[in-house]
Amino acid sequence: MIWGRSYSGYLLVLGWLYVYSASLVSGGDIVHHDDSLPNRPGCNNNFVLVKVPTRVNGKEKEEYVGVGARFGPTLESKEKHATLINLAVADPPDCCTTPKFKLTGEVILVHRGNCSFTTKTKVAEAAGASAIIIINNSTDLFKMVCEKGEDVLDINIPVVMLPLDAGSSLQKFVDANDTVTLQLYSPKRPAVDVAEVFLWLMAVGTILCASYWSAWTAREEAIEQDKLLKDGSDELLQVSTTSSRGVVEITVISAILFVVVASCFLIMLYKLMSFWFIEVLVVLFCIGGVEGLQTCLVALLSCFRWFRSIGEFYVKVPFLGAVSYLTLAICPFCIVSAVIWAVYRQYSFAWIGQDILGISLIITVLQIVRVPNLKVGVVLLSCAFMYDIFWVFVSKWWFRESVMIVVARGDKSGEDGIPMLLKIPRMFDPWGGYSIIGFGDIILPGLLVTFALRYDWLANKKLKSGYFLGAMSAYGLGLLITYIALNLMDGHGQPALLYIVPFILGTLIVLGHKRGDLETLWTTGEPERPCPHARLQPQS
């Protein structure tokens, strides 16, 4: 490695914390804290986000986002079909009793509390309101449902909830005797957004690049090892295999411990989530991103003879050891890139820098960490499979919300999610936002895919007769099904490993059993090379 084994160990720990703290695919969903969702005639609407563009004294003002109720008529899906309506503030504010003034088709703004949502709506409709906007008592959104035994078949006006800050702003305008008009409409999300296609290609491409790099390194090590065997230099062989590899092989015990440690780290993120804690994660991400980008650039430039010659000269640097001149030349560029991203990460274009740093870090981790055999891979992915399901779904029973989703979104931090994600803006979604995928959904399956290609190359297997094509196809198919499930769940975050792990493990085990290689894959993970003079060739 570039900085030596000590720095590689640091990057390993950092990478694994990133892996397990963010293992999620998401497309954005409604924030709520209500699991009571009765479904009966008149109370069976889908919960949808609602856009509320406003005008004050004829001038366009802010556009707010609310959530529709389980009851009442559905809203228009296009802005041009939504009527511009005047806004009035309820008196009394809770609208639990008949307002003191008669309404003539206005939208009435009321406060939450003192009576049910359906009671407020019926009172507002009887007073002549054309719609009702309920101000929540907090800055999030709440799913409005029907109370047991309530008759909601006679509700004929739309019901929308706005967060406290949005509702308070509207009320201030009305109290200042300004004329406030607004529209209520709920645009539909596209069935598939182009962002998900690009994110799929990004994840598959990252594993593809990391796999070939890892396999090429393993082949070069094997060639060097065969040369040493041919020369009969056992002592030199031992030194070479100890120092040159610079990788860490996962064991069964470490695979299990990783899940335990990661769970503790995830709970820490959940409990300590705040602006300052996100800043700490940003710093750690920048450090890992710098090392990852530097490693990838050095490897890429070393393919050219002039840069390779520069990389052969080293200088000793305090605390870092021997560092090549090529690394020293590239390092400032990598540091500046990470700093620029950190400073401008709130801007709309910052996702590009985050993805570049993230992909570089993922590829570098896949070079440092290796799965030695299929047995360890099965244990690792099985533990990650259960980890994903628990923290996305089961954690709701204890914490009343999905811990993984809350951490990935960066709730209570004032930031747009944690940095340990690859993300692309949703290009044709009227609601905007990002499609995201956690590092863990790439690195964990990637460890087994890179193992498959290393095995194929060392065994001189062709592409069709090897295991890499099957493993890579299984990952791509599993991730594709994840995005299908994501769209069927209206953008609600999905644990990608729930779909990816069965495909990859099932494919490798079935192929290994069918071809008679399962025992070798399961135990040693390396094919026998009886002749040290045999020349290892890449697959074609």
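Relevant structure appears above.
This write-up is about the structure you can find in this document. Because the structure is predicted, anything quoted here is derived from the model rather than measured. (Residues numbered from 1 in each chain as written. Predicted model: local features only at pLDDT ≥ 70, side-chain atom pairs only at ≥ 80, totals over all residues. Heavy atoms only, no water.)

## A closer look at the overall build of the chain
Each helix and strand counted, the chain has 16 helices and 14 strands in total. Taken over 540 residues, the chain has a buried fraction of 51%. (Helix = DSSP H or I, 4+ residues; strand = E, 2+ residues; numbered from the N terminus. Buried < 20%, exposed > 50% of the residue type's maximum accessible area, 1.4 Å probe, protein only.)

## Digging into a nonpolar patch on the surface
Where nonpolar side chains cluster on the molecular surface, the patch consists of Ile335, Val336, Val339, Ile340, Val343, Tyr344, Tyr347, Phe349, Ile352 and Ile356 and spans about 930 Å² of accessible area. The dominant element in the nonpolar patch, judged by the number of residues it contributes, is helix 9 (residues 325–343), at five residues. Note on placement: Phe349 falls in the loop between helix 9 and helix 10 (350–368). Its relative accessible area of 47% is what places Phe349 among the partly exposed residues. (Patch = residues over 30% accessible without salt bridge, like charges linked within 9 Å, V, L, I, M, F, W, Y side chains within 5 Å. Areas by Shrake-Rupley, 256 points an atom, 1.4 Å probe, with all protein chains shown as cover. Salt bridge = Lys/Arg side-chain N within 4 Å of Asp/Glu carboxyl O.)

## Examining the state of the cysteines
Summed over all chains, the structure comprises one disulfide. The disulfide bridge from Cys96 ends at Cys115, spanning 2.1 Å between sulfur atoms. Since a negative S-S torsion denotes a left-handed disulfide, the Cys96-Cys115 link at about -90 degrees is left-handed. Of this pair, Cys96 sits in the loop between strand 4 (85–89) and strand 5 (107–111) while Cys115 is found in the loop between strand 5 and helix 2 (117–126), placing the two residues 19 residues apart along the sequence. Residue Cys115 is classed as partly exposed on the basis of its relative accessible area, which comes to 22%. Unpaired in this structure, Cys331 has its nearest cysteine sulfur neighbour in Cys334, at a distance of 6.5 Å. For Cys331, a relative accessible area of 14% gives the class buried. (Disulfide = S-S within 2.5 Å.)

## Some remarks on helix 11 (residues 374–399)
A turn of α-helix holds 3.6 residues, and therefore any two residues three or four places apart point the same way. A rise of 1.5 Å per residue sets the reference length of helix 11, with its 26 residues, at 38 Å; its end C-alpha atoms lie 35 Å apart and thus fit the reference within 8%. Along helix 11, the sharpest change in direction is near 45 degrees and occurs at Trp391. Directly beyond the C-terminal end of helix 11, a positive phi value near 65 degrees is found at Arg400. (Expected span 1.5 Å × (residues − 1). Bend = angle between axes of the 7 residues up to and from the residue.)

## Some thoughts on the pairing of strand 7 (residues 159–162)
The two faces of strand 7 match: Val159 and Met161 on one face and Val160 and Leu162 on the other face are all buried. Here two bridges tie strand 3 (residues 59–68) to strand 7, and the two strands are oriented antiparallel to one another. Note on strand 7: the bridge partner recorded for Val67 is Met161. One ladder, built from four bridges, connects strand 6 (residues 131–135) with strand 7; its direction is parallel. Bridge pairing in strand 7 places Ile132 opposite Val159. (Pairing = 2+ DSSP bridges.)

## Remarks on empty space enclosed by the protein
Across all of its chains, the model carries one cavity of 30 Å³ or more by this definition. One number sums up the size of the largest cavity: a volume of about 30 Å³. Leu374, Phe451, Ala452, Tyr467, Leu508 and Leu521 together form the lining of the largest cavity. Here the lining of the largest cavity is built from residues that sort into six nonpolar, no polar and no charged. (1 Å grid on protein atoms, 1.4 Å probe; cavity = no way out; pocket = protein on both sides within 12 Å on 5 of 7 lines; lining within 4 Å. Points joined across faces, edges and corners; volume = space filled by probe spheres on them. Nonpolar A, V, L, I, M, F, W, Y, C, P; charged D, E, K, R; others polar.)

## Re the sheet that holds strand 5
Backbone hydrogen bonds hold the strands of a sheet together, and the pairing may be parallel or antiparallel. Pairing in this closed barrel of seven strands is mixed, and the strands run 2-3-7-6-5-4-8 around the ring. Across the sheet, the mean angle from the axis of one strand to that of its neighbour is 40 degrees, orientation sign disregarded. Examined bridge by bridge, strand 5 and strand 6 share five bridges and lie parallel to one another. Counterpart to Val110 in the pairing with strand 6 is Ile134. Taken strand by strand, helix 2 contacts strand 5, strand 6 and strand 7, and its axis lies near 140 degrees from that of strand 6. (Axes fitted to C-alpha atoms, helices over the stretch in contact; angles between N-to-C directions. Contact = heavy atoms within 4.5 Å.)

## Quick notes on the packing of helix 6 (residues 252–272) against helix 11
Close contact between helix 6 and helix 11 brings their axes to 9 Å; oriented N to C, the two are set at 25 degrees. Classified by the angle their axes make, helix 6 and helix 11 are roughly parallel. The handedness of the crossing between helix 6 and helix 11 is right-handed. Counting all contacts with helix 6, which are made through Val252, Ala255, Ile256, Val259, Ala262, Ser263, Leu266, Ile267, Tyr270 and Lys271, the residues of helix 11 involved are Lys375, Val376, Val379, Leu380, Cys383, Ala384, Tyr387, Trp391 and Phe399. Across the contact of helix 6 with helix 11, the residue classes break down as 16 nonpolar, one polar and two charged. (Parallel < 35°, antiparallel > 145°, perpendicular 65-115°, else oblique. Left-handed = near helix turned anticlockwise from the far one by under 90°.)

## As for the nonpolar core
Counting 95 residues, the largest nonpolar core has Ile437, Leu448, Tyr475 and Ile504 as its most contacted members. A per-element tally of this core places helix 13 (residues 440–458) first, with 11 residues. Not counting chain neighbours up to four residues away, the residues in contact with Tyr475 comprise Ala203, Val204, Ile207, Ile437, Asp441, Ile442, Pro445, Ile500 and Ile504. In this structure, Phe71, Phe117, Val123 and Ile132 belong to the second largest nonpolar core, which totals 27 residues. (Core = buried A, V, L, I, M, F, W, Y, C linked by side-chain atoms within 4.5 Å.)

## Observations regarding unusual backbone geometry
Cis geometry marks the peptide bond from Asp91 to Pro92; its omega dihedral reads 10 degrees. Within the secondary structure layout, Pro92 lies in the loop between strand 4 and strand 5. One non-glycine residue with positive phi stands out, namely Asn57, at about 55 degrees. Summarising the element assignment, Asn57 is placed in the loop between strand 2 (49–56) and strand 3. We classify Asn57 as partly exposed; its relative accessible area is 47%.

## Observations concerning the pattern of salt bridges
Close approach of charged atoms lets side chains of opposite charge pair. Going through the model one piece at a time under the given rule, you end up with eight salt bridges. In this structure, Arg345 and Glu279 form a salt bridge, with 2.2 Å as the shortest nitrogen-oxygen distance. With a gap of 66 residues between them, Arg345 in the loop between helix 9 and helix 10 and Glu279 in helix 7 (residues 275–301) connect regions that are remote in the sequence.

## What to know about helix 3 (residues 164–175)
Between its first and last C-alpha atoms helix 3 spans 16 Å; for 12 residues at 1.5 Å apiece the expected length is 16 Å, and the two agree. Taken together, the buried positions of helix 3 are occupied by Ala166, Gly167, Leu170, Gln171 and Val174. For helix 3, the arc enclosing every buried residue in end-on projection is 130 degrees, short of the 170-degree limit, so these residues lie on one face. For helix 3, the exposed residues set more than 90 degrees away from the buried face come down to Lys172 and Asp175. Count one or two residues on from helix 3 and you reach Asn177, which has phi positive near 65 degrees. (Arc of directions from axis to C-beta.)

## Re the pairing of strand 11 (residues 321–324)
Judged from the four bridges that link them, strand 10 (residues 314–317) and strand 11 form a sheet pairing that is antiparallel. Counted as the bridge partner of Val317 is Gly321 from strand 11. Hairpin connection, strand 10 to strand 11: the antiparallel pair is bridged by three residues, and Phe319 has positive phi, about 70 degrees.

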